[in-house]
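# Summary of the model geometry
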Amino acid sequence: MNAGPQIEASWLQALAAEFNKSYMQVLKQFLLHEKSQGHVIYPPSAVIFNAFNSTLLTQVKVVILGQDPYHGPGQAHGLSFSVQPGTALPPSLKNIYRELETDVQVANSSGDLSPWAEQGVLLLNSVLTVRKNFAASHRNQGWETFTDAVIKIINAQCSHVVFMLWGSYAQKKGQVIDTDKHLVLTAPHPSPLSAYRGFFGCRHFSQANTYLKRHHGSGINWQLP
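The rules we used
Think of each chain on its own: its residues are numbered from 1, step by step along the sequence as written. Residue-level local features of this predicted model are given only where pLDDT is at least 70; pairs of side-chain atoms are given and counted only at 80 or more, and the full residue set underlies all totals for whole chains, interfaces and linings. Water and hydrogen atoms play no part in the side-chain values, which are based on all heavy atoms of the structure. To qualify as a helix, a DSSP run of H or I must reach at least 4 residues; to qualify as a strand, a run of E must reach at least 2; elements of each kind are numbered from the N terminus. Expected span of a helix: the number of residues minus one, times 1.5 Å. Exposed residues in this analysis have more than 50% of their type's maximum accessible area, buried residues have under 20%, and partly exposed residues fall in between, with area computed by a 1.4 Å probe over protein chains only. Throughout, a residue-residue contact means that at least one pair of heavy atoms, one from each residue, lies within 4.5 Å. A pairing counts as a salt bridge when a side-chain nitrogen of Lys or Arg comes within 4 Å of a carboxyl oxygen of Asp or Glu. Scored from 0 to 100, pLDDT records how confident the predictor is in each individual residue. For the purposes of this section, nonpolar cores are sets of buried Ala, Val, Leu, Ile, Met, Phe, Trp, Tyr and Cys residues that join through side-chain atoms within 4.5 Å. Whether two strands pair depends on DSSP finding at least two bridges between them. Axis definition: a line fitted to C-alpha atoms, over the contacting stretch in the case of helices. Angles run 0 to 180 degrees between N-to-C directions. Two rings from Phe, Tyr or Trp (for Trp, the six-membered ring) form a pair when their centres sit within 6.5 Å of each other. Planes less than 30 degrees apart are called stacked, planes more than 60 degrees apart edge-to-face, and all others tilted. Distance and angle both matter: a charge sits over a ring if NZ of Lys or CZ of Arg is within 6 Å of the ring centre and within 35 degrees of the ring normal. A clockwise course of the path from the first strand over the helix to the second, judged with the strands pointing away from the viewer, identifies a crossover as right-handed.

### Brief notes about helix H8 (residues 204–216)
With 13 residues, H8 extends 17 Å between its outermost C-alpha atoms, agreeing within 8% with the 18 Å of an ideal straight helix rising 1.5 Å per residue. Every buried residue of H8 is listed here: His204, Phe205, Ser206, Ala208, Asn209, Tyr211 and Leu212. Turning to H8, the residues buried within the fold contact strand S2 (62–66), helix H4 (91–104), helix H5 (114–118), strand S5 (162–166) and strand S6 (183–187). Immediately downstream of H8, the backbone of Gly217 shows phi near 95°, a positive value.

This is how it looks when you write it as structure tokens:
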């Protein structure tokens, strides 16, 4: 978890104080211990901070907040809800695509959301690592404090950002957001357990683009290559 070359310069500068705090040192020791015990950690260490390297702080237009990385082989690559090219779509992402097609008539088949990230969509998980095959295994080890700081930085330093907060967990984490300065869109989580309770039909993608066009001059192209 060396912050040096693994996180982009503007983010590193904004988050420098966090990397020096004691909770991050405790988190680093936890991850080292996990590895020393022979546990496989996802995503690979080189892409733990992929969300920040793909979307610069000065370019953030949308934040889609997830919880934990996928814990299966070949899935997680540091972007919330996204999977590596050639990987089967997880159920939540299938439901996101279903809503996307209904809302803005875009049909995607690839699960790699990198093109969204490159347009200013910060695909941020609350927890940035997980042990293979053990969902939520790295919660309450310090990552939540780190990503809370990320949200506060975006709230303070960026203008007219759309926050898509799906599920009560994301919505609680987003309570610090200034709704006079940013657009906060809330809906149930897109997982099969809750998507029918209001995620389907939320129309967040079209709402985001209407807002972004008004404040930034252009929206997000949700169509993946």
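Here the narrative resumes.
### Points about the pattern of salt bridges
All chains considered together, the criterion is met by 5 salt bridges. Here Arg139 makes a salt bridge to Asp68, at a shortest N to O gap of 2.5 Å. Taken as a pair, Arg139 in the loop between strand S4 (130–131) and helix H6 (143–157) and Asp68 in the loop between S2 and H4 lie far apart in primary sequence, 71 residues in all. Taking the relative accessible area as the measure of exposure, Arg139 reaches 27% and is therefore partly exposed.

### What to know about the confidence of the model for the chain
Of all residues in the chain, 98% attain a pLDDT of 70 or more, and the chain-wide mean is 96. Counting interchain partners and residues more than four positions distant, the pLDDT-below-50 stretch residues 1–5 has 10 contacts.

### Observations regarding the nonpolar core
Ranked by internal contacts, the top residues of the largest apolar core, which has 69 residues, are Trp11, Phe52, Trp116, Trp143, Phe146 and Ile154. Ranked by residue count, the leading element in this core is H6, at 6 residues.

### Focus on the sheet that holds strand S3 (residues 121–125)
Read from one edge to the other, the open sheet built from 4 strands follows the order S3-S2-S5-S6, with strand pairing classed as parallel. Two strands bound the open sheet, and with one partner strand each, they are S3 and S6. Between one strand axis and the next, the sheet turns by 20° as a mean value, whatever way the strands run. Where S2 meets S3, 5 bridges bridge the pair, whose relative direction is parallel. By the bridge assignment, Val63 is partnered in S3 with Leu122. Sitting on the sheet, H6 touches S2, S3 and S5, and the angle it makes with S3 is about 155°. Against the sheet, H8 makes contact with S2, S5 and S6, and its axis sits at roughly 165° relative to S5, the strand it touches most.

### What to know about the packing of aromatic side chains
Enumeration according to the criterion identifies 16 aromatic pairs in this entry. With 5.4 Å between their ring centres and 55° between their planes, Phe19 and Phe146 make a pair best called tilted. You can see Phe19 sitting in helix H1 (residues 9–19) and its partner Phe146 sitting in helix H6, a full 127 residues away along the chain. For the pair Phe19 and Phe146, one class covers both residues: buried. In textbook terms, an aromatic cluster arises when at least three aromatic residues are bridged by ring pairs, as seen for Phe81, Trp116, Trp166, Tyr196, Phe199, Phe200, Phe205 and Trp222. Over the ring of Tyr169 we find Arg139; its NZ or CZ atom is 5.6 Å from the centre of that ring.

### Concerning the pairing of S6
Sheet topology note: the S5/S6 ladder contains 5 bridges and is parallel. By the bridge assignment, Trp166 is partnered in S6 with Ala187. In terms of handedness, the path from S5 via helix H7 (residues 168–173) over to S6 forms a crossover that is right-handed.

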